[in-house]
Each structure stands twice: as C-alpha cells, then as structure tokens.
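Take a look at the letters that make up each chain.
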Amino acid sequence: MKEWQSYANLPAFDTAKPASVEGLMWAAIAAAALKRFLASMPQLLAEVPMSTRKVAMCAVYVLGAIVRALQSGDVAGLYAALEEAVTYLACHAHRAHPKRDRQRGRSQLGLEPLFGSDDVIEFAEAA
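Description of the structure in this document. (Residues numbered from 1 in each chain as written. Predicted model: local features only at pLDDT ≥ 70, side-chain atom pairs only at ≥ 80, totals over all residues. Heavy atoms only, no water.)

Quick word on the side chain of Gln 43
Now for step 1: With respect to the secondary-structure elements, Gln 43 resides in helix 2 (residues 18–45).
Now for step 2: Reaching out from Gln 43, the side chain makes a polar contact with the backbone nitrogen of Met 50 at a distance of 3.1 Å. (Helix = DSSP H or I, 4+ residues; strand = E, 2+ residues; numbered from the N terminus. Polar contact = N/O pair within 3.5 Å; in protein donor to acceptor, adjacent residues only side chain to side chain.)

Quick look at helix 2
Spacing of three or four residues puts side chains on the same side of an α-helix, whose turn is 3.6 residues.
Now for step 1: End to end, helix 2 covers 41 Å across 28 residues, agreeing with the expected 40 Å (1.5 Å per residue, within 8%).
Now for step 2: All buried positions along helix 2 are accounted for by Ala 28, Ala 32, Lys 35, Leu 38, Ala 39, Met 41, Pro 42, Gln 43 and Leu 44.
Now for step 3: Looking one or two residues past helix 2, Glu 47 carries a phi angle of roughly 55°, positive in sign. (Expected span 1.5 Å × (residues − 1). Buried < 20%, exposed > 50% of the residue type's maximum accessible area, 1.4 Å probe, protein only.)

Brief notes about helix 5 (residues 75–92)
Now for step 1: Under the 1.5 Å per step criterion, the end-to-end length of helix 5 is 25 Å for 18 residues, consistent within 8% with the ideal 26 Å.
Now for step 2: Taken together, the buried positions of helix 5 are occupied by Gly 77, Ala 81, Leu 82, Ala 85, Val 86, Leu 89 and Ala 90.
Now for step 3: Its side-chain oxygen 3.4 Å from the backbone nitrogen of Ala 76, Asp 74 forms the N-cap of helix 5.

A look at the nonpolar core
Now for step 1: Ranked by internal contacts, the top residues of the largest apolar core, which has 16 residues, are Leu 38, Met 50, Val 55, Ile 66, Leu 89 and Ala 93.
Now for step 2: When residues of this core are traced back to their parent elements, those giving at least two are helix 2, helix 3 (52–58), helix 4 (63–72) and helix 5.
Now for step 3: No other element matches the five residues that helix 5 contributes to this core. (Core = buried A, V, L, I, M, F, W, Y, C linked by side-chain atoms within 4.5 Å.)

Brief notes about the packing of helix 2 against helix 5
Now for step 1: Put simply, helix 2 and helix 5 touch, their axes get as near as 9 Å, and they point 75° apart. Between helix 2 and helix 5, the crossing angle belongs to the class labelled roughly perpendicular. On helix 5, the residues touching Phe 37, Leu 38, Met 41, Pro 42 and Leu 45 of helix 2 are Leu 82, Ala 85, Val 86, Leu 89 and Ala 90.
Now for step 2: The class makeup of the residues in the contact of helix 2 with helix 5 is 10 nonpolar, no polar and no charged. (Axes fitted to C-alpha atoms, helices over the stretch in contact; angles between N-to-C directions. Parallel < 35°, antiparallel > 145°, perpendicular 65-115°, else oblique. Contact = heavy atoms within 4.5 Å. Nonpolar A, V, L, I, M, F, W, Y, C, P; charged D, E, K, R; others polar.)

Observations concerning the side chain of Ser 51
Now for step 1: Looking at the element boundaries, Ser 51 is found in the loop between helix 2 and helix 3.
Now for step 2: The exposure class assigned to Ser 51 is buried, which follows from its relative accessible area of 12%.

Examining the environment of Lys 35
Now for step 1: Of note, Lys 35 is situated in helix 2.
Now for step 2: The buried category is assigned to Lys 35, whose relative accessible area is 9%.
Now for step 3: Lys 35 sits 21 residues away from Ala 56 along the chain, and the two C-alpha atoms are 5.8 Å apart.

Regarding the packing of helix 4 against helix 5
Now for step 1: Where helix 4 contacts helix 5, the two axes come as close as 8 Å, and the packing angle between them is 165°. When the interaxial angle is binned, helix 4 and helix 5 end up roughly antiparallel. When the axes of helix 4 and helix 5 are compared, the crossing they make is left-handed. When helix 4 is examined against helix 5, the residues Ala 65, Ile 66, Ala 69 and Leu 70 are found in contact with a partner set consisting of Gly 77, Leu 78, Ala 81, Leu 82 and Ala 85.
Now for step 2: Class assignment of the residues belonging to the contact of helix 4 with helix 5 gives a composition of eight nonpolar, one polar and no charged. (Left-handed = near helix turned anticlockwise from the far one by under 90°.)

By themselves these figures say nothing about function.
The following block contains the structure:
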C-alpha cells in the first residue's frame, strides 16, 4: 500500500463513488506492475542492480512516451520508448550501495540481481 500511496502519487481524497476509488486502485496496481517490469529490464539488459523504489520515483519521466506509443499502436515507437526507458533507468535508478546491501541489505541472504544468466532474453522478446 505504501508503494501505491507514495510512489504512484495516489493522494487521499473523499468520494461517495466506490467506482472511482476502485478505478484508481486498479490504475495504481497496473502502474505498479509496469514499474516492476521497468525495474527488471535494465537489470537484465544493462546488468545494473536496480532499486525498485528509485524506478517507481523515476518512472514518471519515461512512462509518457510508453503510454503514447501504446495509445497510437506504434510498435516501433514502443520499442524506442522502452529502449529509452531502460537506458534512462539504468543510469538514474540503480541501487546506491550494492556492496553494502551484500553485508546488511537484502543481498545478505544471497539474493543477487538476475543478470549474466543463460536465461537472459533478448530485448525484443522481453518487450
């Protein structure tokens, strides 16, 4: 719920229409799923450990081009927007302290970013 409120910029408001609330919640879930996808792509393709929080905060800068390409049905534009998003996020949303995370963070449990694997798929297949 914190991700929906803070990172999806879903403010609190009063309404008597349950359909409005439900619609906003579904939109927030869809946005969170898209942001998780966008967090995994730079990690797989650019081999950069990603911060899902930073991706959620930076996604506002890349989602516009993706949504416009989806609306127009422009497949080439969608690939270009996704490539631009991956490049932008790889530069601006990487984990701040991956070495520290191996000692005290989530990586101390042996969880490592999934890159360099034989299962890495091509960008065109991922999109």
